[in-house]
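Chains, contacts and geometry: an overview
This is what each chain is made of:
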Amino acid sequence: MSLFEKLQNASSEEDVKDAYIRALHLKGVQRNLVDIQTKEVWFEAKFGSKKSLYEMFTQLLFYIHRALKDGEYIPPFLCVVDSIKAAVMKTDVALPLLQDKSVHIKWGKSASDVTQDALDIVSQYIGTHFVSFNIETHESEFIETMRNAIEKGEIIRTQITPDNLKQVFDKWVEMVGKEIVNAEPENYAEFFYADVMSDGKVSTHEHLSAELLHKGNKPIFLLNGKTYEIASMDGYSQFWAIYDRPPKEEFRSYLLERRDSLIPVDERTFKGAYYTPLNVVDKAYDLLEKTLGSNWQKDYYVWDMCCGVGNLEAKHSNHRHLFMSTLDQEDVNIMKAAKICVSAERFQYDYLNDDITDNGTIDYSLTNKIPQTLQNVIRDANEGKKKLLVLINPPYAEVGSAFNASSKDNTAKTGVNKTRFGQYGMKEYGKASNELFTQFVARIAKEIPNATLAMFSTLKYVNSQTMEVFRKQWCAQYLGGFVVHSKSFEGLKGNFPIGFLIWKTFNVIAKQSKCMFPSEISCEVLDKSTNPIGEKKFYNAPNERYLATWIDRPEPNTTEIIPLKNAISPATRTTDLRCKFWSDDAIGYMRVNSNDMQQANDTSLFSSGYSGGHGFYVNSENLLDLAVIYTVRKIIPHTWLNDRDQFLQPNCELPEEFKNDCLVWMLFHGSNLTASANDLEWNGKKWSIVNHFIPFTEEEVGASERFESDFMVQYMQGKTFSAEAQCVLDEGRKIWATYFKQTFNHKIREELKLNRPDVGWYQIRQALKTQNESGNSVPVSFAAFESAYKALSEKLRPQVYQYGFLK
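In this convention, every chain numbers its residues from 1, walking through the sequence in written order. Selection of residues for local features in this predicted model requires a pLDDT of at least 70, selection of side-chain atom pairs for listing and counting requires 80 or more, and totals for whole chains, interfaces and linings are taken over all residues. Derived side-chain values reflect all non-hydrogen atoms in the structure, with water molecules and hydrogen atoms excluded from consideration.

Remarks on the overall build of the protein chain
In this description a helix means any DSSP run of H or I spanning at least four residues, a strand means any run of E spanning at least two, and both kinds are numbered starting from the N terminus. Check the secondary structure of the protein chain and you find 27 helices and 24 strands. C-alpha atoms of the protein chain, sized along the principal axes, occupy 100 × 75 × 55 Å. Remark: exposure states derive from per-residue accessible area (1.4 Å probe, protein chains only) relative to the maximum for the residue type, with buried under 20%, exposed over 50%, and partly exposed in between. Each of the 807 residues in the protein chain was classed as buried or not, and the buried ones make up 56%. Surface accessibility follows the Shrake-Rupley procedure with a 1.4 Å probe radius. Residue values consider only the protein chains on display as shielding. Accessible surface computed for the protein chain: about 35,400 Å², of which carbon and sulfur atoms make up 46%.

This is the structure in structure tokens:
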């Protein structure tokens, strides 16, 4: 029984440890706090596969840190293992981090309780220094690597295979080829084979076009009777520290036959709108090899039906297994002129419009564009006789959007769902028809139901509220993936993750089988330079668990109000104008747009309706719950990585202290735009707005006139506030009182509508800030208030995760 089979039969962590100990023939094994200890290697082992490699390494480094502190023995290698994956790293890699006194890592109380701070610091430091293995596909490579590490004290270098040939060649050109003095790019392939087909001294083949020789200790190349020296040895040394040579004998002939695919890649060849950068393509091919096996380019046929000018295929070395189609004939012409993937089938095809019948089925005879060879592969793949991989970076356009992160293969953004497939083939997919990339996925599911899909896209289809129907309909098994910063793609606006996820699809639909979209997926995280920096989970929760459905929305009544676009600015929009009517017993309106972190900033509180809608009327019944919603949406900083995270309903009954803390946090937040004003002009009339959100009485803040509403004072009466919340109230009261001691000039009074005593936090803040900037009076300090507010924020942030609002 193989190691992988034993791991799948394991029922406990002890079974996992036993399986690895036997497979690696470990000697002198101890089991203490460290799961497996030998003289050469310390192991962290887990049952299942929920912990990331980074988490496990961080736990292992907890023990190394303690051993260093206590002067105990440190092994030369560290290894982490679980039921499906493993990784190994030299201990020397991590020692500088652990010994750097300027780096203060908050480890936590135990290895199983390491802090997020420790995980973040360790992940970023070790990201490029460990070698990982999928045990199902690379069991023998893992065992060989570990045995070599134990016996020889080295992590063996990467083999050159048919599946990584093009990637290796491109790296060789950058690190070695461009250092060969006076070498012409068209001769790089000859020099490459001379270098690779050698152990550094003896060639594996006679009669190669070029030869690898030596001058002293430096390699030189001989081609057509002329010698070529290497200007700098740095790249040469680094390259051969990564790769092993010569290739295994079984690969050598095949590698030599693939010479026609080794054209040096010029990034500029592929630069179109939102092309996939080649360093990102490199990572995609690494993952495909790790996931599908070392012979995937030989075993799989590949169809990219939105290939642009072929940058996703730039690293492929078996062009005769490639089918490349694109919307624009111009792209096909460019590929032919630039001799890109010459042996591939390249053709113009509009995947979302061509060959779609009026009932949503696919009929190749409508256009006769699909090559017969591809039709045969599709037929054989559907019958299980061949393997077909769909490798795509489709357009990401949404109805009404002007956003696309694809290759040059663009379509108009207006009327996205008016493609023929969007109209006739997406009826069972709900709102997914509004997205181009899910239209591609849906047609692929219909046309090639047994395909493997490897796709660049946003993470919408994994966790978006609007994609729940799609997730229930589309049936696929998640095989692996990574997310990369959107800034890796030139020309994109915003900061968000782009995923490269690999799926095995099935010839069934979800409602007819037990196949279900996974409740969570784990992805490696790459920064904008494609450096690995950790791991991230994305969650698929049912819509009824989303925070947006936690409380009911009060209905509007027939009382007319003034819709606002800001605290005291009447609406100016003429189309899609909302909130022109009030609601029974309402005291305000909270704008809450969408359910993810991307839109969390669109959360604010008004004293009248918000002209764009998308929110709740606020009343005494829902105020505390809305304060919670407001806080959890605003208090966690937005990053590119959490951009698509969804807010969820709480996982328990919320403590009163937490809810009261949220109320205070909301009242003093910068997006609390509640205010008061007279004589706001809108729609030919003058309107007044009343502020119901003042937490203090007139006497407490020294107001000279009566506030029209004392709602908040009455509402808060009898509530108990934490020390942090009370401090914010105390410091906020001082700011409020300072406001009433000031005399503001006409310009400030007019711009901020300070024509009533019951002004709001927004008006007070802006008035004092503007007066400070004028330099005509003693500046008012907000330092004490800001310190108190920061303390309350720091208390609340971890509770957002503790109570399940974000995972």
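Right, picking up where we left off after that structure.
What about the packing of aromatic side chains?
Pairing of aromatic side chains here covers Phe, Tyr and the six-membered ring of Trp, requires ring centres within 6.5 Å, and sorts the geometry by plane angle: under 30 degrees stacked, over 60 edge-to-face, intermediate tilted. Under the defined criterion, the tally for this structure stands at 53 aromatic pairs. Centre to centre, the rings of Tyr-461 and Trp-474 are 6.2 Å apart; their planes meet at 65°, and the pair counts as edge-to-face. Remark: Trp-474 occurs in the loop between α19 (468–473) and β14 (476–485) and Tyr-461 occurs in helix α18 (residues 460–463); sequence separation between them is 13 residues. When the centroid spacing of 6.4 Å and the interplanar angle of 45° are considered together, the rings of Trp-474 and Phe-517 count as tilted. Placement of Trp-474 in the loop between α19 and β14 and of Phe-517 in the loop between β15 (497–505) and β16 (520–526) is noted, with a sequence separation of 43 residues between them. Among the aromatic residues, those joined into a cluster by ring pairs are Tyr-429, Phe-437, Tyr-461, Phe-470, Trp-474, Tyr-478, Trp-503 and Phe-517. By definition here, charges over rings are those cases where NZ of Lys or CZ of Arg is within 6 Å of the ring centre and within 35 degrees of the ring normal. The ring of Trp-240 carries Arg-245 above its face, with NZ or CZ at 4.2 Å from the centroid.

Examining the pairing of β14
With eight of 10 residues buried, β14 lies mostly within the body of the structure. Note: β14 against β15, nine bridges, orientation antiparallel. Note on β15: the bridge partner recorded for Gln-477 is Lys-504. Here, a strand pair is defined by DSSP locating no fewer than two bridges between the strands.

Notes on the environment of Glu-330
Here Glu-330 is to be found in helix α14 (residues 329–337). Distance in space between the C-alpha atoms of Glu-330 and Ala-344 is 17 Å, their sequence separation being 14 residues.

Some remarks on the sheet that holds strand β13 (residues 452–457)
Spatially, β11-β10-β9-β12-β13-β15-β14-β16-β17 is the arrangement adopted by the nine strands of the open sheet, whose pairing is mixed. Bordering the open sheet on either side are β11 (345–348) and β17 (532–539), each of which pairs with just one other strand. Direction aside, the axes of adjacent strands within the sheet are offset by 20° on average. By the bridge criterion, six bridges tie β13 to β15 in an arrangement that is antiparallel. Within β15, the position partnered with Met-455 by the bridge is Leu-501. With axes taken as lines fitted to C-alpha atoms, and helix axes fitted only over the stretch in contact, angles between N-to-C directions fall between 0 and 180 degrees.

What to know about the packing of helix α24 (residues 723–741) against helix α27 (residues 783–802)
Here α24 crosses α27 at 155°, and the two axes come no closer than 9 Å. If you check the angle between α24 and α27, you find them roughly antiparallel. Here the hand of the crossing between α24 and α27 comes out left-handed. Contacts between α24 and α27 involve Glu-724, Ala-725, Cys-727, Val-728, Glu-731, Gly-732 and Ile-735 from the first element and Ala-784, Phe-785, Ala-788, Tyr-789, Ala-791, Leu-792 and Lys-795 from the second. Roughly parallel means an angle under 35 degrees; roughly antiparallel means over 145; roughly perpendicular covers 65 to 115; every other angle is labelled oblique. Definitions for this section: a left-handed crossing has its near helix turned counterclockwise from the far helix by less than a right angle. A right-handed crossing has that turn clockwise. In this description, contact between two residues means that some pair of their heavy atoms is separated by no more than 4.5 Å.

Section: the side chain of Asp-35
Looking at where Asp-35 falls in the secondary structure, it is placed in the loop between α2 (13–23) and β1 (36–37). Judged by relative accessible area, Asp-35 falls into the buried class, the value being 8%. Within polar-contact distance, the side chain of Asp-35 engages the backbone nitrogen of Ala-45 at 2.8 Å. In this structure, Asp-35 is in contact with Glu-13, Lys-17, Gln-30, Phe-43, Glu-44 and Ala-45, ignoring residues within four places of it in sequence. In protein, a polar contact requires one atom able to donate a hydrogen and another able to accept it; more generally it is a pair of N or O atoms within 3.5 Å, and residues adjacent in sequence count only if both atoms are side-chain atoms.

Considerations on the packing of helix α3 (residues 53–70) against helix α4 (residues 91–99)
Remark: α3 packs on α4, axes separated minimally by 11 Å, with the N-to-C direction vectors making an angle of 65°. Considering only the axes of α3 and α4, their crossing is right-handed. Judged by residue contacts, Leu-61, Ile-64, His-65 and Leu-68 of α3 engage Thr-91, Ala-94, Leu-95, Leu-98 and Gln-99 from α4. Class assignment for the residues of the contact of α3 with α4 results in six nonpolar, three polar and no charged. In this count, Pro and Cys sit with the nonpolar residues alongside Ala, Val, Leu, Ile, Met, Phe, Trp and Tyr, while Asp, Glu, Lys and Arg are called charged and the others, Gly among them, polar.

Points about empty space enclosed by the protein
In this analysis the probe radius is 1.4 Å and the grid spacing 1 Å, with only protein atoms considered; a cavity is a set of points the probe fits into but cannot get out of, a pocket is an open set with protein on both sides within 12 Å along at least five of seven lines, and lining residues have an atom within 4 Å of a point. Grid points are joined across faces, edges and corners, and a volume is the space filled by probe spheres set on the points. Within this structure, the stated rule accounts for three cavities of 30 Å³ or more. Space inside the largest cavity adds up to approximately 100 Å³. Contributing to the lining of the largest cavity are Asn-463, Lys-536, Lys-537, Phe-538, Tyr-539, Ala-541, Tyr-546, Asp-645, Gln-646, Leu-648, Leu-806 and Lys-807. Per-element accounting of the lining of the largest cavity gives the leading share, four residues, to β17. For the lining of the largest cavity, a count of residues per class yields six nonpolar, two polar and four charged.

Structural notes on the sheet that holds strand β7 (residues 218–223)
Sheet architecture is open: three strands sit in the order β6-β7-β8, paired in antiparallel fashion. The outermost strands of the open sheet, each flanked by one partner alone, are β6 (210–215) and β8 (226–229). Across the sheet, the axes of successive neighbouring strands diverge by a mean angle of 35°, strand direction being ignored. Of the strand pairs in this sheet, β7 and β8 are connected by four bridges, and their pairing is antiparallel. Pairing of Leu-223 across the sheet is with Lys-226, part of β8. Relative to the sheet, helix α8 (residues 188–196) contacts β6, β7 and β8, its axis offset from that of β6 by approximately 60°.

Considering unusual backbone geometry
With glycine set apart, most residues show a phi of negative sign, and most peptide bonds adopt trans. With an omega of -5°, the peptide bond between Arg-245 and Pro-246 qualifies as cis. Tracing the chain through its elements places Pro-246 in the loop between α9 (234–242) and α10 (249–257). Here Cys-341, not a glycine, exhibits a phi torsion of approximately 50°, which is positive. Looking at the secondary structure, you find Cys-341 in the loop between α14 and β11. One non-glycine residue, Cys-579, adopts positive backbone phi at about 55°. Along the chain, Cys-579 falls in the loop between β18 (556–560) and β19 (581–583).

A short note on α8
In terms of residue burial, α8 counts as a mostly covered element, since nine of its nine residues are buried. Of all the residues in α8, the buried ones are Tyr-188, Ala-189, Glu-190, Phe-191, Phe-192, Tyr-193, Ala-194, Asp-195 and Val-196.

Details of the environment of Leu-7
Here Leu-7 lies in helix α1 (residues 3–9). Taking the C-alpha atoms as reference, Leu-7 lies 16 Å from Asp-35; in sequence the two are 28 residues apart. Excluding its chain neighbours within four sequence positions, the residues that come into contact with Leu-7 are Val-16, Ala-19, Tyr-20, Asp-82, Ser-83 and Ile-135.

What to know about the environment of Pro-518
Note on placement: Pro-518 falls in the loop between β15 and β16. Considering only alpha carbons, one finds Pro-518 and Val-462, 56 residues apart in sequence, at a separation of 8.8 Å. When near neighbours in sequence (up to four residues on either side) are disregarded, Pro-518 contacts Ala-476, Tyr-478, Trp-503 and Asn-540.

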